[in-house]
Amino acid sequence: MDYDHQKALTEYLSAFIEELHASGVNKVVISPGSRSTPLALLFAKHPNVEVFINIDERSAAFFALGMAKADNEPVAILCTSGTAAANYYPAVIEAHYSRVPLVVLTADRPHELREIGAPQAINQINLFGSHVKWFDEMALPEHTDAMVQYARRAASRGTALARSLPEGPVHFNFPLREPLVPDMNHSFKEGKVQTAVAAGAGSVSAAVLERLSNLLVHKKKGLIVCGPQTDSNVVEAIVKLAEKTQFPVLADPLSSLRSGSHDKSNVIDGYDSFLRIEKFKESVQPDIVIRVGAMPVSKALTLYLKNQEIEHWVVDSGGSWRDPAGKATEMIFADEAEFLTSLSDSIETAHSDEVWLRKWSGINSKTQEIIAEYQSGNEPLDEGMAVRSLIYSLPEDSIVFTSNSMPIRDLDTFFSNNDKRIRVLGNRGANGIDGVVSTALGVSTSGKPTCLVIGDLAFYHDMNGLLAGKMHDLNLKILLVNNNGGGIFSYLPQAKEKDYFEHLFGTPADLDFSHAANLYGAAYWKAETHEALTKALAHWQSAQGLSIIEAITNRDENVRNHREMWNNVSREIEKLL
């Protein structure tokens, strides 16, 4: 090998990796490939960067996404050139919309091999378009002080951008010439980041704060709505504001407000069930809504808010226009915890309506009683019962990762307020069902007890993601709710088209998932009754590695059960009204 080429390759890429680590990147997920060889070898050589191997690039990117979610730190992903890079796209999109810092590293053919029919050469320039915060086509490696410093600055800048609000993915594309093996005798140098980037969330001026507090102090019937978010400081700030104003807090299951040691006396967790009742909605007309976090999952809540012609404040540190209902009257681009705390402190006496909070709290308590009563005696096993039983069985300080479609909606209904400090996570950026197994496995690298709630189609969609669990000996418990098809479609209008529904939407796959458990070395239980599920959950607690409980449910019965439960809630609440 040409010594000058190898030295340039080694020094240039090592400087980039050193600066990544100094900037806060401690983990990298690598998919095997040839063109990415020098980066892969040097990452493996670095003493303080933890390397995870994931063969499938699509799974690898979601795996890294889960790690970044769990750690609240940027994670790097590395692959070779060609369609390997394209397989990152779904996870990059999710990272963009759910604000997760990913550092995407793709190897590429050098410029002279592009657009001439060379193998594994596609156009990777701006491959991810507007779904990354920044794209950098890195220069070819050179061993000069200027180029080594350039590599360091690029790494520092990209990581800082990934971490700055709103957090998100950045993409580095590395054109590399052969030969591709670096000098493995190279020693990494530990040191401070070359260019430290200080970034923070914005704040509102004193004049704006005064104007908003003067508006708020005269509102008597407010609502605080908290969607998916993970900042514990925001939780404390919301609790403080709710106590000061005596406003109910409508908390999404991914809001971090339904579980923990904080005061939950104002936290409303059953609204998805009782906001389906027209009589109740007519009786509770708010005069202000303060919304924090992404949009909640509940369609009933979204429709309720959409019909309110009132003050509607959206507080967003990321500065994004998150207002799908088109009802915002104030967009407050500021650090959520800082702004809400300042707002609380600025209010001496809130003119709240005590009856307002009591009404929401009373209806909420009655709703949860009805749901608990209904579920306790319901056989055969249905999905709500499965989720409720799972939550009841979880130890303190657990993480629940939920798939989209029905699982997140069942969490919305059946994950009620508790003190267990259970953290609920999900891919609610693009709301897709792809990559869910891989993301949950990435979350499990945190070392905390982690459980995935997933339907059969989403599980099938990312079944090969289980390999990462087997390869890295990860502990993940999977509640696989198998209703043999797309359960959520049964709640939609197309379900009435009986001649076409099963073929186009129900899509039963008739798969025996015990074979998947066997293939990936997972412990496995099948549960078709509540009793069988309870026994499986008891055995589950001591299981190590991958373990799967397949809860068999019926789509049609599940729809009937949910609708009957909602009707029971409606009937009892209308009596109270």
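Reading guide: rules and limits
Sequence order as written defines residue numbering, which begins from 1 separately in each chain. Per-residue local features of the predicted model are confined to residues with pLDDT of at least 70, and side-chain atom pairs are confined, for both listing and counting, to 80 or more; whole-chain, interface and lining totals are unaffected and use all residues. Hydrogen atoms and water are omitted, and side-chain values are computed over all heavy atoms in the structure. UniProt positions are given in the numbering used here, feature names are shortened, and annotations may be inferred rather than shown by experiment. The way it works is a 1 Å grid over only the protein atoms, where trapped points that fit a 1.4 Å probe form a cavity and open points with protein on both sides within 12 Å along at least five of seven lines form a pocket, and then any residue with an atom within 4 Å of a point lines it. Grid points are joined across faces, edges and corners, and a volume is the space filled by probe spheres set on the points. Amino acids are sorted into nonpolar (Ala, Val, Leu, Ile, Met, Phe, Trp, Tyr, Cys and Pro), charged (Asp, Glu, Lys and Arg) and polar (every other residue, Gly among them). Runs of H or I in DSSP of at least four residues are treated as helices and runs of E of at least two as strands, each being numbered from the N terminus. Whether a residue is buried, partly exposed or exposed follows from its accessible area with a 1.4 Å probe, protein chains only, as a fraction of its type maximum: under 20%, in between, or over 50%, in that order. Here, a strand pair is defined by DSSP locating no fewer than two bridges between the strands. Put simply, a salt bridge is a Lys or Arg side-chain nitrogen that is within 4 Å of an Asp or Glu carboxyl oxygen. For this analysis, residues touch if any pair of their heavy atoms sits within 4.5 Å. A 3.5 Å cut-off defines polar contacts: any pair of N or O atoms within that distance qualifies, except that in protein one atom must be a possible hydrogen donor and the other a possible acceptor, and neighbouring residues in sequence count only when both atoms are side-chain atoms. Stacked, tilted and edge-to-face are the three classes assigned to paired rings of Phe, Tyr and Trp, where Trp is represented by its six-membered ring and a pair needs centres within 6.5 Å; plane angles under 30 degrees give stacked, over 60 edge-to-face, the rest tilted. Criterion for a charge above a ring: Lys NZ or Arg CZ within 6 Å of the ring centre, and within 35 degrees of the ring normal. In this description, a line fitted to the C-alpha atoms serves as the axis of each element, helices being fitted only across the stretch in contact, and the angle between N-to-C directions of two axes falls anywhere from 0 to 180 degrees. By arc we mean the arc of the directions from the helix axis to the C-beta atoms, nothing more. Candidates for patches are residues over 30% relative accessible area with no salt bridge; among them, like charges are joined within 9 Å and nonpolar side chains (Val, Leu, Ile, Met, Phe, Trp, Tyr) within 5 Å. Accessibility throughout is a Shrake-Rupley quantity obtained with a 1.4 Å probe, and a residue counts as covered only by protein chains that appear here. Segmentation into domains, and thus their bounds, comes from an automatic or database assignment. Two parts lose some accessible area (1.4 Å probe) when they are put together, and adding that loss for both gives the buried area.

In the nomenclature of an unreviewed UniProt entry, the chain is known as 2-succinyl-5-enolpyruvyl-6-hydroxy-3-cyclohexene-1-carboxylate synthase of Rossellomorea vietnamensis. Note on the chain: under the UniProt heading Subunit (unreviewed entry), the record states "Homodimer." Its UniProt record, at the heading Function (unreviewed entry), says of the chain: "Catalyzes the thiamine diphosphate-dependent decarboxylation of 2-oxoglutarate and the subsequent addition of the resulting succinic semialdehyde-thiamine pyrophosphate anion to isochorismate to yield 2-succinyl-5-enolpyruvyl-6-hydroxy-3-cyclohexene-1-carboxylate (SEPHCHC)."

On to empty space enclosed by the protein, then. In the structure shown here, the tally under the stated rule is two cavities of 30 Å³ or more. As a volume, the largest cavity reaches approximately 40 Å³. As for the largest cavity, its lining consists of Arg291, Met295, Thr302, Leu305, His312, Asp323 and Ala325. A class-by-class count of the residues in the lining of the largest cavity yields three nonpolar, two polar and two charged. Taken as a whole, the second largest cavity holds about 30 Å³ of empty space. Residue contributions to the lining of the second largest cavity peak at three residues, all from helix α17 (residues 456–461).

Counting buried residues along strand β3 (residues 75–79), five of its five residues qualify, which places the element largely inside the surrounding structure. Residues Val75, Ile77 and Cys79 line one face of β3 and the alternating positions Ala76 and Leu78 line the opposite face, and both faces are buried. Here strand β1 (residues 27–30) pairs with β3 via three bridges, running parallel. If you follow Ile30 over to β3, its bridge partner there is Leu78. In terms of strand pairing, β3 meets strand β4 (residues 102–108) through five bridges, oriented parallel. Note that in β4 the partner of Leu78 across the bridge is Leu105.

As a further point, take the pattern of salt bridges. When their charged atoms lie close together, side chains carrying opposite charge are able to pair. If you walk through the whole model with that rule in mind, you get 24 salt bridges. Between Glu73 and Arg163 there is a salt bridge; the shortest N-O distance is 2.7 Å. A residue pair is termed long-range when its members are at least 10 positions apart, and Glu73 in the loop between α3 (57–71) and β3 and Arg163 in helix α6 (residues 145–163) qualify at 90 residues. Residue classification places Glu73 among the partly exposed residues on the basis of a relative accessible area of 29%. We note a salt bridge from Arg177 to Glu112, for which the minimum N-O separation is 2.8 Å. With Arg177 in the loop between β6 (170–175) and α7 (206–216) and Glu112 in the loop between β4 and β5 (134–137), this pair connects stretches of sequence that are 65 residues apart. A residue is classified by how much of its surface remains accessible, and Glu112, at 41% relative accessible area, is partly exposed. Among the charged side chains, a salt-bridge network with shared partners connects Glu18, Glu19 and Arg152.

With that settled, the discussion passes to helix α12 (residues 336–346). Buried within α12 we find Glu336, Ala337, Phe339, Leu340, Leu343 and Ser344. In this structure, the buried residues of α12 make contact with α7, α8 (232–245), β10 (288–292), β11 (311–315) and β12 (330–332). The opening residue of α12, the one whose side-chain oxygen lies 3.3 Å from the backbone nitrogen of Ala337, is Asp335.

Before going further, it helps to examine the packing of aromatic side chains. For the structure on display, the rule yields 12 aromatic pairs. Ring centres of Tyr89 and Phe128 lie 5.3 Å apart, and the angle between their planes is 85 degrees; this geometry places the pair in the edge-to-face category. Linking Tyr89 in helix α5 (residues 89–98) with Phe128 in the loop between β4 and β5, this pair joins segments that are 39 residues apart in sequence. For Phe128, a relative accessible area of 1% translates into the label buried. Each residue in the set Phe274, Phe280, Tyr304, Trp356 and Trp360 is aromatic and connected to the rest through ring pairs, giving one cluster. In this structure, Arg276 packs its charged tip against the face of Trp566, placed 3.7 Å from the ring centre.

Here we take up the layout of surface pockets. When its volume is computed, the second largest pocket comes out at roughly 760 Å³. Contributing to the lining of the second largest pocket are 25 residues, with Arg276, Lys299, Ala300, Tyr491 and Trp566 lying nearest its centre. Listing elements by their share of the lining of the second largest pocket, those giving two or more residues are α10 (278–283), α11 (299–306), α15 (406–414) and α22 (555–576). Counted by class, the lining of the second largest pocket contains 11 nonpolar, five polar and nine charged residues.

Read across the sheet, six strands follow the order β9-β8-β7-β10-β11-β12 without closing on themselves; strand pairing throughout is parallel. Pairing within the sheet leaves two strands with one partner each, and these edge strands are β9 (267–268) and β12. Note: β11 against β12, three bridges, orientation parallel. Residue pairing for β12: Trp313 is matched across the bridge by Glu330. Along the sheet, α8 makes contact with β7 (222–226), β8 (249–251) and β10, crossing β7 at roughly 170 degrees.

For the rest of this paragraph, the subject is helix α2 (residues 37–45). Every buried residue of α2 is listed here: Pro38, Leu39, Leu42 and Phe43. The arc that holds every buried residue of α2, seen down its axis, measures 130 degrees, which confines them to one face. Looking at the buried positions of α2, the neighbouring elements they touch are α1 (3–22), β1, β2 (50–53), β3, β4 and β6.

The subject of this paragraph is the sheet that holds β5. Here we have six strands laid out as an open sheet, ordered β2-β1-β3-β4-β6-β5, and parallel in their pairing. The sheet is open, and its two borders are formed by β2 and β5, each paired with just one other strand. Adjacent strand axes in the sheet meet at a mean angle of 20 degrees when their direction is disregarded. Of the strands in this sheet, β4 and β6 are in contact with α1, which crosses β6 at around 165 degrees.

This part covers a nonpolar patch on the surface. On the surface, Ile53, Ile55 and Met471 cluster together to form a nonpolar patch covering roughly 250 Å² of accessible area. Within the fold, Ile55 resides in the loop between β2 and α3.

Now for the domain arrangement of the chain. As far as domains go, the chain holds domain 1 (3–175), domain 2 (212–359) and domain 3 (374–572). Between the C-alpha centres of domain 1 and domain 2 the distance comes to 39 Å. Contact residues are listed per partner, giving four residues for domain 1 and six residues for domain 2. In this assembly, domain 1 packs against domain 2 so that about 400 Å² is buried in total across both faces, 33% of it on carbon and sulfur atoms. On the domain 1 side of the contact with domain 2, Arg99, Leu165 and Pro166 bury the most area, a combined 84% of that side's loss. For the interface between domain 1 and domain 2, the tally reads one salt bridge. Between Asp316 and Arg99 there is a salt bridge; the shortest N-O distance is 2.8 Å. Inspection of the region where domain 1 meets domain 2 yields two residue pairs in polar contact (both at pLDDT 80 or more). Tallied by class, residues from the side of domain 1 that touches domain 2 come to two nonpolar, one polar and one charged.

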